[in-house]
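Overview (structure and organization)
What follows is the residue order along each chain.
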Amino acid sequence: MTLLKGLLPDSADNSVADVVPATGHTAWLTLFASATMAFLAVFAMALSMATGRVADRWSDELARTATVRIAAPAGQVEAQTAAALVVLETTPGILAARALSDAEQKDLLTPWFGDSDLGLENLPIPRLIEIVEDDPGYDAAGLRLRLAGEAPGAVLDDHSRWRQPLVRAANRLRSLGFFALILIGSTMAAMVTLAAGSSLAANRQVIQVLRLVGAEDGYIARAFVRRFTLRALAGGAMGTLVGLIAIMLMPDPGEVAQNNFLTGLGFVGTQWLWPLLIPVLAAIVAFLATRLAAFRALKELT
């Protein structure tokens, strides 16, 4: 009895190790679950942020550029192209405008038709004029009216039909990344709850003896909560560190491949600070899950 009373000093922190076993399958389960979930959370966060960066880059590029398509009879293409260029050069909000050459238009069609000789001169392919927008931008409706009067075969494409689906897709992918983080946190909470419940059940006799010597349920619960919270914090830190190292060791895809969602996976600038929140969130999840499991188990042991 004297030994048991020694487990209950004034400070609960000094007796936590005696109340909750420091080793065993529950300790390894908590460490492994928190480390694994933190590792997956790093990649889910990296994918979500990479998706946002690439989508923002594509959206900005499409927002700053537009295309005028000259669809006119063969004998009028050059004249309407020249007329359209004059209109564009005198339109406020347009920084530059130039007609694409046959070689450039062939390069645009190559991904669709291959590297074979396309014979552009024999095909009724519209002439394209590239527009670079200036701040604060141009009046699209007014420009369409001017083009209709000066070059009837000119059609303005401000890329809005491409930009809007891209923005929607980016938002959905970001939401998917956040949803993955929620699933990861929920899975970790379930694992910690199972581990805490198992530990409480394994120490049933110890808990009953502690009650006999005057230990309150709040003290016993705090002992379990503290131990499992620290385990989750340690596991989360290890998993986050391994995840960040894996991200840093990924090969650089180069400037061109940065426009791909997967090859651009990673963090940029201050985004590297966001994964540091994962161990803290893991500890908070473990704290809440263990506290709930502890009081529920102690109530059943009453």
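Preceding this section is the structure that the text describes.
All residue numbers refer to positions counted from 1 along the written sequence of the respective chain. It should be noted that, the model being predicted, local features are given only for residues of pLDDT at least 70 and side-chain atom pairs only at 80 or more, the latter also being counted only at that level, while totals for whole chains, interfaces and linings use all residues. Side-chain measures here rest on the full set of heavy atoms in the structure, leaving out hydrogens and waters.

1. A closer look at the sheet that holds strand β2 (residues 94–99)
Strand pairing requires that DSSP identify at least two bridges connecting the strands. Secondary structure elements are taken from DSSP: a helix is a run of H or I of four residues or more, a strand is a run of E of two residues or more, and numbering for both begins at the N terminus. Strand order in the open sheet formed by four strands is β2-β3-β1-β4, and the pairing between neighbours is antiparallel. Either end of the sheet is taken by a strand with one partner, and the two such strands are β2 and β4 (154–157). Each adjacent strand pair in this sheet contributes to an overall mean axis angle of 20°, direction not counted. Residue contacts are defined here by distance: any two heavy atoms, one from each residue, within 4.5 Å place the two residues in contact. For every element, the axis is a line fit to its C-alpha atoms; helices are fit only across the contacting stretch, and the angle between N-to-C directions ranges from 0 to 180 degrees. Relative to strand β3 (residues 127–133), helix α4 (residues 77–89) is tilted by about 5°, and along the sheet it contacts β1 (65–70), β2, β3 and β4. Each of β1, β2 and β4 touches helix α6 (residues 140–150); the most contacted strand, β4, lies at about 165° to it.

2. Digging into the nonpolar core
Ranked by size, the top nonpolar core spans 20 residues in total, and within it V42, M188, I247, F267 and I278 carry the most contacts. Of all the secondary-structure elements, those providing two or more residues to this core are α3 (25–64), α7 (160–202), α9 (217–248) and α11 (277–300). Setting aside anything within four residues of it in sequence, one finds I278 in contact with A38, A41, V42, M45 and T240. The nonpolar core is taken to be a set of buried Ala, Val, Leu, Ile, Met, Phe, Trp, Tyr and Cys residues, with the residues joined through side-chain atoms within 4.5 Å. A simple rule labels every residue: compare its accessible area, found with a 1.4 Å probe on the protein chains alone, to the largest value its type can have, and call it buried under 20%, exposed over 50%, or partly exposed in between. One finds A97, A140, L147 and L156 within the second-largest nonpolar core, a separate group that totals 18 residues.

3. A closer look at the side chain of S34
Here S34 shows up in helix α3. Under the relative-accessibility criterion, S34 is labelled buried at 0%. A polar side-chain atom of S34 sits 2.8 Å from the main-chain carbonyl oxygen of T30. If sequence neighbours within four positions are ignored, S34 has contacts with M188, R231, A232, G235 and G236. Distance and chemistry together define a polar contact, namely a pair of N or O atoms within 3.5 Å, with one atom able to donate a hydrogen and the other to accept it when in protein, and with adjacent residues in sequence counting only for side-chain atoms on both sides.

4. A few points about the pattern of salt bridges
Salt bridges are identified by distance alone: a Lys or Arg side-chain nitrogen within 4 Å of an Asp or Glu carboxyl oxygen. In total, this model carries two salt bridges according to the counting rule given. In this structure, E78 engages R127 in a salt bridge whose closest nitrogen and oxygen atoms are separated by 3.8 Å. Residue E78 is found in helix α4, and its partner R127 is found in strand β3; the two are separated by 49 residues along the sequence. For R127, a relative accessible area of 16% gives the class buried. Residue E130 is joined to R98 by a salt bridge in which the shortest nitrogen-to-oxygen separation is 3.4 Å. Taken together, the residues span a long stretch of sequence, with E130 in strand β3 and R98 in strand β2 at a distance of 32 residues. By relative accessible area, E130 is classed as partly exposed at 31%. On the accessibility criterion, R98 (38% relative accessible area) is partly exposed.

Taken by themselves, the reported measurements are silent on function.
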